[in-house]
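What the coordinates show
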Amino acid sequence: VHVVDLPGHGRSAPGGADDLASLAQAVAAALPDVDEPATLLGWSLGGQVALQMATAHPSRIRRLVLVATSPAFVRRADWPHAMAAETLDRFGGELRADYRLTLLRFLTLQVQGSDDGRRTLAALRQRFFERDGPAGPSLDSALRLLKQSDLREALPGIRVSSLVIAGDRDTLVPLAATEALARALPDAAHATIVGAAHAPFLSHPRAFFDVLRSHGDG
């Protein structure tokens, strides 16, 4: 298993990317050069990066797992399955004003009502703040990508076997968006985790891994 932080986030080098293509190229360069294609899992914005990589480097990917991913995160005239641009702008403002407090609130919402939620939240708080949050330019770049990116036209050309996983309580990426994503991909299955929100692997880890096992060989 290889875990890659997006540029400017986590343990990666400082910096951001102006578009999804550059972001996908940076992630592709960080992955090991192996003989066989790999399963690529992306969450939220990472799911969009995974879709972009499947477009640019299809021979390197055997399978996509797209978690809480939308082809377009912001509502458009012909795309109602998304948040309003004003909502994303407000969330970005809260992150800039107090990144730690905003992220703590977000994590609390993700594990609320889940099995062993308090213990999970305590562990997440410790791990998430081992390092400082992303620098201002990196955060602004990620929010701008979420606001601008629209991958709907590229989806029919992505022939990689895909699994789309969603939580039915996700308010950031509505269930209708992930279902539409799965329908638009030529070879995709959709799985809904009941009771989960935007981070089902945090709130419902057993159900999440059961879905992974039941829809492929890992």
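Note: the structure precedes this text.
Residues numbered from 1 in each chain as written. Predicted model: local features only at pLDDT ≥ 70, side-chain atom pairs only at ≥ 80, totals over all residues. Heavy atoms only, no water.

Next up on the list: the overall build of the chain. For the chain, the count of helices and strands is 9 helices and 4 strands. Secondary structure elements of the chain occur, N-terminal to C-terminal, as α-β-α-β-α-α-α-α-β-α-β-α-α. On C-alpha atoms alone, the chain measures out to a radius of gyration of 17 Å, which is about the 17 Å that the 2.2 N^0.38 rule sets for 218 residues. Expressed along its principal axes, the backbone C-alpha trace of the chain runs to roughly 40 × 40 × 35 Å. Put simply, the chain has 218 residues, and 44% of those count as buried. Taking the contacts inside the chain whose residues are at least 6 apart along the sequence as the reference set, 70% of them involve residues at least 24 apart. With the model as given, the accessible surface of the chain reaches about 11700 Å², and the carbon-plus-sulfur share is 52%. Of the charged side chains in the chain, 23 are positive and 24 negative; the average position of the first set lies 5 Å away from that of the second. (Helix = DSSP H or I, 4+ residues; strand = E, 2+ residues; numbered from the N terminus. Rg over C-alpha atoms; globule rule 2.2 N^0.38 Å. Buried < 20%, exposed > 50% of the residue type's maximum accessible area, 1.4 Å probe, protein only. Contact = heavy atoms within 4.5 Å. Areas by Shrake-Rupley, 256 points an atom, 1.4 Å probe, with all protein chains shown as cover. Lys, Arg positive; Asp, Glu negative; His and termini not counted. Charge placed at Lys NZ, Arg CZ, Asp CG, Glu CD.)

Attention now moves to the sheet that holds strand 3 (residues 161-167). If you trace the 4 strands from one edge of the open sheet to the other, you get 1-2-3-4, paired in parallel fashion. Across the chains shown, the open sheet's two edge strands, defined by having one partner strand only, are strand 1 (38-43) and strand 4 (188-193). The mean inter-strand angle of the sheet, taken between neighbouring strand axes irrespective of direction, is 15°. The pairing of strand 2 (residues 61-67) with strand 3 spans 5 bridges and is classified as parallel. Paired with valine 67 across the two strands is isoleucine 165, which belongs to strand 3. Across the sheet, helix 2 (residues 45-56) touches strand 1 and strand 2, and the angle it forms with strand 2 is around 155°. In the packing of helix 9 (residues 205-214) onto the sheet, the strands contacted are strand 1, strand 2, strand 3 and strand 4, and the crossing angle to strand 3 comes to about 160°. (Pairing = 2+ DSSP bridges. Axes fitted to C-alpha atoms, helices over the stretch in contact; angles between N-to-C directions.)

Compared with the 18 Å implied by 1.5 Å per residue over 13 residues, the 19 Å span of helix 3 (residues 85-97) between its first and last C-alpha is a close match. Taken together, the buried positions of helix 3 are occupied by Leu88, Gly92 and Leu95. Taken around the axis of helix 3, the buried residues stretch over an arc of 60°, which confines them to a single face. Set apart from the buried face of helix 3 by more than 90 degrees, the exposed residues are Glu86 and Ala97. (Expected span 1.5 Å × (residues − 1). Arc of directions from axis to C-beta.)

Before going further, it helps to spend a moment on helix 5 (residues 117-128). A rise of 1.5 Å per residue sets the reference length of helix 5, with its 12 residues, at 16 Å; its end C-alpha atoms lie 16 Å apart and thus fit the reference within 8%. Listing the buried residues of helix 5 in full gives Gly117, Leu121 and Leu124. Buried residues of helix 5, viewed axially, fall in a sector of 65°; they line one side. Residues of helix 5 that are exposed and angled more than 90 degrees away from the buried face: Arg118, Arg119, Gln126 and Arg127. Turning to helix 5, the residues buried within the fold contact helix 4 (99-111) and helix 8 (200-203).

Another aspect to go through is the pattern of salt bridges. According to the stated counting rule, one finds 5 salt bridges in the structure shown. Linking aspartate 89 and lysine 147 is a salt bridge whose minimum nitrogen-to-oxygen distance equals 3.1 Å. Taken together, the residues span a long stretch of sequence, with aspartate 89 in helix 3 and lysine 147 in helix 6 (residues 136-148) at a distance of 58 residues. We classify lysine 147 as partly exposed; its relative accessible area is 33%. Note that aspartate 150 and arginine 152 form a salt bridge whose closest N and O atoms lie 2.7 Å from each other. One continuous salt-bridge network, built from bridges that share partners, spans Arg76, Asp78, Asp150 and Arg152. (Salt bridge = Lys/Arg side-chain N within 4 Å of Asp/Glu carboxyl O.)

A large share of strand 3 lies buried, amounting to 6 of its 7 residues. For the segment spanning strand 3, helix 7 (residues 175-184) and strand 4, crossover handedness is right-handed. (Right-handed = clockwise from strand over helix to strand, strands pointing away.)

Geometric descriptors of this kind do not, in isolation, establish any biological role.
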